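Residues per chain are reported as follows:
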Amino acid sequence: MTNPTHLIKLSVGTESVEGLAAWQASPQAQTDDGQPRHVTRMFPKREADVLDGGSIYWVFQGLIQCRQRILRLDRVTGSDGITRCAMVLDQDLVRVSPAQRRPFQGWRYLAPADAPPDLAAGRQNEDSLPPELAGALAEIGVL
């Protein structure tokens with residue numbers, strides 16, 4: 001692994017890490033081999049860099065709160081005949097130090113230097129702070 005390129009995406013339809021985990025456990029959010037996937041219109045042009053250890057960082061209610069390693073990028077064709085990108089993800093949702101992020105559409109590249117650090121292993125199972133509190137603490141640099 002050299003210098004992976006990450007992606008960042010708003011979690012639409014879920015408001016928490018737990019909600020995302022529940023959605024990804026459903027059959028409609030999985031590949032045939034049982035891995036969670038996220039289908040998007042655009043295919044990353046920097047595919048090799050993304051697949052070299054990159055993760056997708058998920059934003060909930062204005063805060064980056066977790067990440068998942070991207071295992072592969074599959075081409076899928078929808079019922080409308082349009083080819084899309086299915087980001088096949090590791091099942092583990094890794095909590096990260098909350099970091100504020102303004103709303104945006106689609107996904108964006110995220111440089112490793114801009115990615116929030118993972119929470120320590122002992123903190124991975126802690127309950128999440130309410131988004132307003134986590135956001136305020138992140139804003140003043142406590143989180």
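Residues numbered from 1 in each chain as written. Predicted model: local features only at pLDDT ≥ 70, side-chain atom pairs only at ≥ 80, totals over all residues. Heavy atoms only, no water.

**Structural notes on the overall build of the protein chain**
Part 1 of the argument: Along the backbone of the protein chain there are 3 helices and 7 strands.
Part 2 of the argument: Every one of the 143 residues in the protein chain was classed for burial, and the buried ones make up 41%.
Part 3 of the argument: Contacts in the protein chain between residues at least 24 apart in sequence constitute 69% of all its contacts with a sequence separation of at least 6.
Part 4 of the argument: Within the structure as shown, the protein chain displays about 8200 Å² of accessible surface, and the carbon and sulfur contribution to it stands at 50%. (Helix = DSSP H or I, 4+ residues; strand = E, 2+ residues; numbered from the N terminus. Buried < 20%, exposed > 50% of the residue type's maximum accessible area, 1.4 Å probe, protein only. Contact = heavy atoms within 4.5 Å. Areas by Shrake-Rupley, 256 points an atom, 1.4 Å probe, with all protein chains shown as cover.)

**What to know about the side chain of Thr-5**
Part 1 of the argument: Position of Thr-5 among the secondary structure elements: in the segment before β1 (6-10).
Part 2 of the argument: The buried category is assigned to Thr-5, whose relative accessible area is 6%.
Part 3 of the argument: Within the structure, the side chain of Thr-5 is placed 3.1 Å from the side chain of Arg-46, a separation counted as a polar contact.
Part 4 of the argument: Sequence-distant contacts of Thr-5, defined by excluding residues within four places in its chain, comprise Arg-46, Asp-49, Val-50, Gly-54, Ser-55, Tyr-109 and Leu-110. (Polar contact = N/O pair within 3.5 Å; in protein donor to acceptor, adjacent residues only side chain to side chain.)

**A few points about unusual backbone geometry**
Part 1 of the argument: Look at Gln-61: it is not a glycine, yet its phi comes out positive at around 50 degrees.
Part 2 of the argument: Note that Gln-61 resides in the loop between β3 (55-60) and β4 (63-77).

**Considering the nonpolar core**
Part 1 of the argument: The biggest cluster of nonpolar side chains holds 16 residues, and the ones touching the most others in it are Leu-7, Ile-56, Trp-58, Cys-66, Ile-70 and Met-87.
Part 2 of the argument: When neighbours within four sequence positions are excluded, Ile-70 is seen to be in contact with Leu-7, Val-50, Leu-51, Gly-54, Ser-55, Ile-56, Val-88 and Leu-89.
Part 3 of the argument: Within the second largest apolar cluster, 9 residues are counted, among which are Tyr-57, Val-59, Ile-64 and Ala-115. (Core = buried A, V, L, I, M, F, W, Y, C linked by side-chain atoms within 4.5 Å.)

**Looking at the environment of Leu-10**
Part 1 of the argument: Among the secondary structure elements, Leu-10 is positioned in strand β1.
Part 2 of the argument: Each C-alpha atom, one on Leu-10 and one on Tyr-57, is 8.5 Å from the other, the two residues being 47 residues apart in sequence.
Part 3 of the argument: Discounting residues that sit within four places of it in the chain, Leu-10 has contacts with Trp-58, Val-59, Pro-103, Phe-104 and Gly-106.

**Remarks on helix α1 (residues 17-24)**
Part 1 of the argument: What α1 keeps buried is the set Val-17, Leu-20 and Gln-24. Taken down its axis, α1 places every buried residue within 60 degrees of arc, on the same side. (Arc of directions from axis to C-beta.)

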